[in-house]
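Per-entry structural report
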Amino acid sequence: MSHTTVGWHVELEFKEDEQHTDAAALVRLPDGTEVRAHGHASRHQIDANQPRVGEEIAGARALNELAMQLLTKAHGEIDDASGRTSHPINI
């Protein structure tokens, strides 16, 4: 049995101001497809200014959206290859 090692690189970029953090996620797949997603976090005015926390929340939301898009893509490929509607893929 042979094994193939494949790697994906996910890029995350953040834009921030005093109240908001936006995250953009990108993954390039071996088939040449690029999947992009976005996440957002807002700091409540009474909370301490902790940019890292905003990045973690916005980043997690972007990665979650990215995961859902990848599941949808994989589901479509299963359906296309099998010629039937497959069972939902759950996280």
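In this text, all values refer to a predicted model and were calculated from it rather than measured experimentally.

Focus: the pairing of strand E3 (residues 34-42)
Judged by which residues are buried, E3 turns out to be one-sided: Val-35, Ala-37, Gly-39 and Ala-41 face inward and are buried, whereas Glu-34, Arg-36, His-38, His-40 and Ser-42, on the alternate face, are not. In this structure, the hairpin formed by strand E2 (residues 20-28) and E3 is closed by a connection of five residues, where Gly-32 is found at a positive phi of approximately 90 degrees.

A few points about helix H1 (residues 51-82)
Across its 32 residues, H1 extends 46 Å between first and last C-alpha, which sits within 8% of the 46 Å expected from 1.5 Å per residue. Residues Gly-54, Ala-58, Gly-59, Ala-62, Leu-66, Leu-70 and His-75 constitute the buried set of H1. Looking at the buried positions of H1, the neighbouring elements they touch are strand E1 (10-16), E2 and E3. Remark: Gly-83 follows H1 within two positions and exhibits a positive phi of approximately 75 degrees.

Looking at the pattern of salt bridges
Summed over the entire model, instances satisfying the criterion amount to six salt bridges. Residue Arg-36 pairs with Glu-34 through a salt bridge whose shortest N-O separation is 2.8 Å. Classification of Arg-36 as partly exposed rests on a relative accessible area of 49%. With a closest N to O distance of 2.4 Å, Lys-73 and Glu-77 form a salt bridge. Of this pair, Lys-73 and Glu-77 both sit in helix H1, four residues apart, which is roughly one turn of that helix. Looking at Lys-73, the relative accessible area reads 22%, which means it is partly exposed. What makes Glu-77 partly exposed here is its relative accessible area of 42%. Ionic contacts of the salt-bridge type, sharing partners, join the residues Glu-11, Arg-28, Glu-34 and Arg-36 into one network.

A word on the sheet that holds E3
Spatial strand order, E1-E2-E3: three strands in an open sheet with antiparallel pairing. Of all the strands in the sheet, just E1 and E3 have a single pairing partner and so form its edges. Strand-to-strand twist in this sheet, taken as the mean axis angle between neighbours without regard to direction, amounts to 15 degrees. Bridge count for E2 against E3 is nine bridges, and the pairing is antiparallel. Its bridge partner being in E3, Thr-21 is matched across the sheet by Ala-41. Contacts from H1 reach E1, E2 and E3, with the element oriented near 145 degrees to E3.

Calculation criteria
- Residues numbered from 1 in each chain as written.
- Predicted model: local features only at pLDDT ≥ 70, side-chain atom pairs only at ≥ 80, totals over all residues.
- Heavy atoms only, no water.
- Buried < 20%, exposed > 50% of the residue type's maximum accessible area, 1.4 Å probe, protein only.
- Helix = DSSP H or I, 4+ residues; strand = E, 2+ residues; numbered from the N terminus.
- Pairing = 2+ DSSP bridges.
- Expected span 1.5 Å × (residues − 1).
- Contact = heavy atoms within 4.5 Å.
- Salt bridge = Lys/Arg side-chain N within 4 Å of Asp/Glu carboxyl O.
- Axes fitted to C-alpha atoms, helices over the stretch in contact; angles between N-to-C directions.

All we've got here are geometric facts, nothing functional implied.
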